[in-house]
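# Descriptive structure summary
Residues per chain are reported as follows:
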Amino acid sequence: MTKFALYVELKAKPGREEDVAAFLAGARELVMAETGTVAWFAVRFDKATFAIFDAFDVESGRTAHLNGAVAAALMANAAELLAAAPEIRQPSVLADKLPAGPSR
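Computed from a predicted model, the values in this text were never measured in an experiment. (Residues numbered from 1 in each chain as written. Predicted model: local features only at pLDDT ≥ 70, side-chain atom pairs only at ≥ 80, totals over all residues. Heavy atoms only, no water.)

Another aspect to go through is the overall build of the chain. A tally of helices and strands in the chain yields three helices and four strands. For the chain, the sequential pattern of α-helices and β-strands runs β-α-β-β-α-α-β. Here the C-alpha radius of gyration of the chain, 14 Å, is about what a compact globule of 104 residues would show, namely 13 Å. Here the C-alpha coordinates of the chain stretch approximately 40 × 25 × 20 Å along the principal axes. Counting the 104 residues in the chain, one finds 34% classified as buried. Sequence separation of 24 or more characterises 75% of the internal contacts of the chain that already satisfy a separation of 6 or more. In the form shown here, the chain has an accessible surface area of approximately 6,200 Å², with 60% of it arising from carbon and sulfur atoms. Across the chain, the mean location of the 11 positive side-chain charges is 3 Å away from that of the 13 negative side-chain charges. (Helix = DSSP H or I, 4+ residues; strand = E, 2+ residues; numbered from the N terminus. Rg over C-alpha atoms; globule rule 2.2 N^0.38 Å. Buried < 20%, exposed > 50% of the residue type's maximum accessible area, 1.4 Å probe, protein only. Contact = heavy atoms within 4.5 Å. Areas by Shrake-Rupley, 256 points an atom, 1.4 Å probe, with all protein chains shown as cover. Lys, Arg positive; Asp, Glu negative; His and termini not counted. Charge placed at Lys NZ, Arg CZ, Asp CG, Glu CD.)

Okay, structure coming up:
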């Protein structure tokens, strides 16, 4: 069962909303290479508000993701794309429902 998660809210700068959307869509390929990331979602709430939600079975998966390619790329482009610094929360997962996979 997943026990750890990340929730990162992102606010795009005016005029950069579609750039943030494209960045998040492109980040999927980087996340696919992360063996410790059980679930990953990039979502859009409105024109300028986005979020990333990830889930992990073990803390080391969450730590690896925080130190991985997506986080590095996001932080490298944050000043250009985002109206405010990303708000990173590290919740605990209380329950989940995920598709069965080879390692599940």
